[in-house]
Amino acid sequence: MLDRAVAANGGAEALRAVDVVRLRLTGETYPRLQMTTPAPPFEGGKFEEILLVDLENNRLRLEQKAGGFGFDADNTVAIVDGEGSAYDNRAKTVTPIPAEQATQQQFIQYHRRLPNLLLRQALDRTNSLRYLGEDQFEGRRHEVVSFVMPDTQQVALYIDSNTGLISKYELIFVDSLTGEEASEIIFGDYQKVGNYQVPRRWQNRVAGEVNADYVAQAEINPAITDDSFRVAAAGYMQVKPVPTTLEEKVEKLAESVYVIHNVAGQNQNTLAVGFADYVVAVEAPGSSDGADAVIRRIKELFPGKPIRYGAMTHHHGDHIGGMRSFIAEGATVITTDANRPVIESMAGAKQNDRLGRDPRKPGFLLLENGKRVLQDGTCRLELIDIGPNPHAREMVIAWLPAEKVVFQGDLFFVPNNDAPFGSPQPSTASFARKLKELGLPVERIAVVHGDTATIEQFKGATATAD
Ligand SMILES: [Zn+2]
């Protein structure tokens, strides 16, 4: 079966003769649980990637440009002789890549970009090669084989019974919202390039939904020189590597106002605000386990007080992945109307966590006319929808007027290293305009991903936005 697939692709000798690959992918992205709205019709993002990989000498150059969802990215990665650098062509910075990410192991993932390289891996990994049986895909009969790649990733290849070409491969992963899911990379519109059959269509589906839809242009063994892996970066600023682990910490912003950093997960924060009789948690990032750890911290900070509300800034997966634990804790979810079905389906999903063991339906307190205020004699917390933001149409910030603190997600970040802010992202520019419009006397901006910023830092970073 594998021999047929190999033969359909020019034969084993031809596959083993693949030393250099240049692959250009262009098209649209629809990242799961990261769209601007919680339900279709979705606004897609744009993506372009040019990968040049020299498998013989472990050299790589990867150029990626992406836009949409309130962020523009233009990055280049180059790895030569086990040393790598990441270039941010927007901010004009160069960051060294940690040695462990510049090793030979790093190159294995790129074998999954093209069926030709996957097949060659399968030929070299016969110890773990297994026949899984027959299956239908896009109405055609396929033979399915699986094997384990050197980075321990198991893949299942779907070989078209008629043509011997690979129609897709699958990876199995655990989705924090819905449990075990397949990620499918679909190859189609094969064309002959030299000895090889290469796909023109490259699509990723996650949990059955299209996540990326690209046109692929592959060159096999194009002419290269040492210069092909050099990046022109005159005038770029050299910055320190981003730390690989961020410390768990509880930051006290004011009496009864805390940001719990990196407990829900790496680079994932929750704001905890104590009222006279209860606590409000704003944001439930990470997973159920991560949220359980956050809830333990909140109980240490506010002994004996129930967590009555769990609010969220927006519906993205990394911002609500821990909400099930807050629901299990008995918290009422504060959000906008359109996000209600997302939380309901997430709460109803099969998961092995507290809510799974003791299911209950979530209660809701919805924003009305873009606002919800919680107040007692000790504290006032305003949840304000400042959307539409290019990152998410409905985007809520938490405002503490007495403390002059705003808590927000994905609208502004302080870099984790010494990198400059760079020109403001569309999501940040929109946020800055809204803050000005609202006329809030903000002094500090606390964030879901990263460290709390001062208003001076924010003004400096957004000075070039109007
Ligand atoms: Zn987001």
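Figured I'd write up the structure that's included with this text. This structure is a prediction, so every number in the text was calculated from the model and none was measured.

1. Topic: the overall build of the protein
Piece 1. Counting secondary structure elements, the protein contains 10 helices and 27 strands.
Piece 2. Taking 23 Å as the expected radius of gyration for a compact globule of 466 residues, we find that the protein reaches 24 Å, a close match to that expectation.
Piece 3. Over its C-alpha atoms, taken along the principal directions, the protein stretches across nearly 80 × 55 × 35 Å.
Piece 4. For the protein, buried positions account for 53% of its 466 residues.

2. Remarks on the sheet that holds strand S22 (residues 371-375)
Piece 1. Spatially, 6 strands are ordered S22-S23-S24-S25-S26-S27 in an open sheet, and the strand pairing comes out mixed. A single partner strand is all that each edge strand has here, and the edge strands are S22 and strand S27 (453-454).
Piece 2. Here 5 bridges tie S22 to strand S23 (residues 380-385), and the two strands are oriented antiparallel to one another. Bridging from a neighbouring strand, Leu374 pairs with Leu381 of S23.
Piece 3. Most of the contacts of helix H9 (residues 426-438) go to strand S25 (residues 405-408), to which it runs at about 145 degrees, and overall it touches S23, strand S24 (396-400), S25 and strand S26 (444-447).

3. Some details on the pairing of strand S20 (residues 332-335)
Piece 1. Of the pairings in the sheet, the one linking strand S19 (residues 307-311) to S20 comprises 3 bridges and is parallel in character. Pairing of Ala311 across the sheet is with Ile334, part of S20.
Piece 2. One ladder, built from 3 bridges, connects S20 with strand S21 (residues 364-366); its direction is parallel. Paired with Val333 across the two strands is Phe364, which belongs to S21.

4. Notes on the nonpolar core
Piece 1. One finds Leu60, Leu118, Leu157, Tyr169 and Phe187 to be the most contacted residues of the largest nonpolar core, which totals 49 residues.
Piece 2. In this structure, Tyr169 is in contact with Arg112, Leu118, Val155, Ala156, Leu157, Ser183, Glu184, Ile185 and Phe187, ignoring residues within four places of it in sequence.
Piece 3. Core analysis: the second largest hydrophobic core is formed by 31 residues, Ile295, Ile327, Leu355 and Leu366 among them.

5. Focus on the packing of aromatic side chains
Piece 1. Applying the stated rule across the entire model yields 12 aromatic pairs.
Piece 2. Note on Tyr258 and Phe302: the rings are 5.7 Å apart at their centroids and 75 degrees apart in plane angle, and the pair reads as edge-to-face. Taken together, the positions of Tyr258 in strand S16 (residues 257-265) and Phe302 in the loop between helix H4 (288-301) and S19 put the pair 44 residues apart, joining distant regions of the chain. One exposure class covers both Tyr258 and Phe302, and it is buried.
Piece 3. Here the aromatic cluster, defined as three or more aromatic residues joined through ring pairs, consists of Phe412, Phe421, Phe431 and Phe458.
Piece 4. Over the ring of Tyr158 we find Lys168, and its NZ or CZ is 4.3 Å from the ring centre.

6. Comments concerning the side chain of Gln121
Piece 1. Within the secondary structure, Gln121 sits in helix H3 (residues 115-124).
Piece 2. Setting aside residues up to four positions removed in sequence, Gln121 forms contacts with Ile108, His111, Phe147, Met149 and Pro150.

7. Thoughts on the coordination of the zinc ion
Piece 1. Coordination of the zinc ion by the protein is provided by His314 (NE2), His316 (ND1), His391 (NE2) and Asp410 (OD), with metal-donor distances spanning 2.1 to 2.2 Å.
Piece 2. Between the 4 donor atoms coordinating the zinc ion, the angles at the centre fall across 86 to 173 degrees, so the site counts as irregular.

8. Considerations on H9
Piece 1. The end-to-end C-alpha distance of H9, which contains 13 residues, comes to 18 Å, matching closely the 18 Å that a straight helix rising 1.5 Å per residue would cover.
Piece 2. Buried within H9 we find Ser427, Thr428, Ala429, Ser430, Phe431, Ala432 and Leu435.
Piece 3. Contacts from the buried residues of H9 go to strand S4 (71-80), S24, S25, S26 and helix H10 (455-462).
Piece 4. Backbone geometry just after H9 places Gly439 at a positive phi near 65 degrees.

9. With respect to unusual backbone geometry
Glycine aside, negative phi is the norm for most residues, and most peptide bonds take the trans geometry.
Piece 1. Between Pro40 and Pro41 the backbone carries a cis peptide bond, its omega angle lying at 5 degrees.
Piece 2. Residue placement: Pro41 occurs in the loop between strand S1 (20-29) and strand S2 (45-54).
Piece 3. You will see that Leu33, though not glycine, has its phi angle at about 55 degrees, which is positive.
Piece 4. With respect to the element layout, Leu33 can be found in the loop between S1 and S2.

10. Re the layout of surface pockets
Piece 1. Of the volumes computed, that of the largest pocket is approximately 1,400 Å³.
Piece 2. Residue lining of the largest pocket: 48 residues in total, with Asn75, Asp88, Phe413, Pro415 and Gln425 positioned closest to the centre.
Piece 3. If you list the elements that add at least two residues to the lining of the largest pocket, you get strand S3 (59-68), S4, strand S5 (83-88) and strand S6 (93-97).
Piece 4. Looking at the lining of the largest pocket, the element that brings in the most residues is S4, giving 7 residues.
Piece 5. Residue composition of the lining of the largest pocket, by class: 23 nonpolar, 18 polar and 7 charged.
Piece 6. Approximately 410 Å³ is the volume found for the second largest pocket.

11. Digging into the pattern of salt bridges
Piece 1. Counted under the stated rule, the structure contains 31 salt bridges.
Piece 2. The shortest N-O distance in the salt bridge between Glu138 and Arg201 comes to 3.4 Å. Taken together, the positions of Glu138 in the loop between strand S7 (130-137) and strand S8 (140-148) and Arg201 in strand S12 (residues 196-206) put the pair 63 residues apart, joining distant regions of the chain.
Piece 3. Given a relative accessible area of 39%, Glu138 falls into the partly exposed group.

12. Concerning the sheet that holds strand S17 (residues 268-274)
Piece 1. The 7 strands are arranged S15-S16-S17-S18-S19-S20-S21 in an open sheet whose pairing can be described as mixed. Of all the strands in the sheet, just strand S15 (249-254) and S21 have a single pairing partner and so form its edges. Taken over all neighbouring pairs, the strand axes of this sheet differ in orientation by 25 degrees on average, direction set aside.
Piece 2. H4 contacts S15, S16, S17, strand S18 (279-282) and S19 of the sheet and is inclined by roughly 150 degrees relative to S16.
Piece 3. Each of S20 and S21 touches helix H7 (residues 340-348); the most contacted strand, S21, lies at about 165 degrees to it.

13. Considerations on H3
Piece 1. Of all 10 residues in H3, 9 are buried; the element is thus mostly enclosed.
Piece 2. Buried within H3 we find Pro115, Asn116, Leu117, Leu118, Leu119, Arg120, Gln121, Ala122 and Leu123.

So, how was this worked out
Residues numbered from 1 in each chain as written. Predicted model: local features only at pLDDT ≥ 70, side-chain atom pairs only at ≥ 80, totals over all residues. Heavy atoms only, no water. Helix = DSSP H or I, 4+ residues; strand = E, 2+ residues; numbered from the N terminus. Rg over C-alpha atoms; globule rule 2.2 N^0.38 Å. Buried < 20%, exposed > 50% of the residue type's maximum accessible area, 1.4 Å probe, protein only. Pairing = 2+ DSSP bridges. Contact = heavy atoms within 4.5 Å. Axes fitted to C-alpha atoms, helices over the stretch in contact; angles between N-to-C directions. Core = buried A, V, L, I, M, F, W, Y, C linked by side-chain atoms within 4.5 Å. Phe/Tyr/Trp six-rings, centres within 6.5 Å; stacked < 30°, edge-to-face > 60°. Lys NZ or Arg CZ within 6 Å of the ring centre and 35° of its normal. Donors = N, O, S within 2.8 Å, 3.2 Å for Na, K, Ca; no water. Tetrahedral: all angles 85-135°; square planar, octahedral: opposite > 155°, others 65-115°. Expected span 1.5 Å × (residues − 1). 1 Å grid on protein atoms, 1.4 Å probe; cavity = no way out; pocket = protein on both sides within 12 Å on 5 of 7 lines; lining within 4 Å. Points joined across faces, edges and corners; volume = space filled by probe spheres on them. Nonpolar A, V, L, I, M, F, W, Y, C, P; charged D, E, K, R; others polar. Salt bridge = Lys/Arg side-chain N within 4 Å of Asp/Glu carboxyl O.

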